[in-house]
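Understanding the architecture of this molecule
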Amino acid sequence: MARQEYLLLPANRAFIAFSLTLALVLNILPWGRAMWVPDFLALTLVFWNIHQPRKVGIGIAFLLGLVMDVHEASLLGEHALVYSIVSYGAISLHRRVMFFGPGGQMLHLLPLFLLAQIVAVLVRLALGAPLPGWSVFVPSLSATLLWPLADRILLAPQRRVVELDENRPI
């Protein structure tokens, strides 16, 4: 069976805002102490930084990070720093990542998500928090595993099947 080819329509700013808001709400939900829950906002920011770097940039990541800092009552700027670094990395890699399939994209994004966790741990250690266990990196792995699903869901409104028409060259 041949793989379906798609042309991507321009991304709607309202849909981008909706997806970022939904990711923020998913982050705010009381998941308890479940260590497998990824940072949905970081995942969505990375997605839009890769696919629409001109519409979602480091400034939006910083502002959403401040919102998360206020929500979690953490050090003001901790999430903002992490999201800014992750967004910078995603924007830097956005042309390269697009050439790979889902597996290759996941291999490129795993270090980015791990870097986010490492920066967050370093900030907490600098404030005198105890050294966490290895389980602190599980959300990075779960975010990486969710990447193909996020890619499929967030690109769905933009996909248009290529229709071959002999009368139109495009």
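Preceding block: the structure.
Here goes a summary of the coordinates provided.

Definitions and cut-offs
- Residues numbered from 1 in each chain as written.
- Predicted model: local features only at pLDDT ≥ 70, side-chain atom pairs only at ≥ 80, totals over all residues.
- Heavy atoms only, no water.
- Helix = DSSP H or I, 4+ residues; strand = E, 2+ residues; numbered from the N terminus.
- Buried < 20%, exposed > 50% of the residue type's maximum accessible area, 1.4 Å probe, protein only.
- Contact = heavy atoms within 4.5 Å.
- Areas by Shrake-Rupley, 256 points an atom, 1.4 Å probe, with all protein chains shown as cover.
- Core = buried A, V, L, I, M, F, W, Y, C linked by side-chain atoms within 4.5 Å.

1. A few points about the overall build of the protein
Looking only at helices and strands, the protein features six helices and two strands. For the protein, the sequential pattern of α-helices and β-strands runs β-α-α-α-α-α-α-β. For the protein, buried positions account for 39% of its 170 residues. Contacts spanning at least 24 positions in sequence make up 70% of the contacts within the protein whose residues lie at least 6 apart. Per element, the accessible surface of the protein, about 10600 Å² overall, is 67% carbon and sulfur.

2. What to know about the nonpolar core
Counting 36 residues, the largest nonpolar core has Leu-20, Leu-41, Leu-45, Val-46, Trp-48, Tyr-83 and Trp-147 as its most contacted members. Secondary structure elements with two or more residues in this core: helix H1 (13-28), helix H2 (40-51), helix H3 (58-72), helix H4 (78-97), helix H5 (102-126) and helix H6 (138-155). Top element by residues in this core is H2. It accounts for nine residues. With residues up to four places along the chain from it excluded, the contact list for Leu-41 reads Leu-20, Ala-23, Leu-24, Asn-27, Leu-64, Met-68 and Tyr-83.

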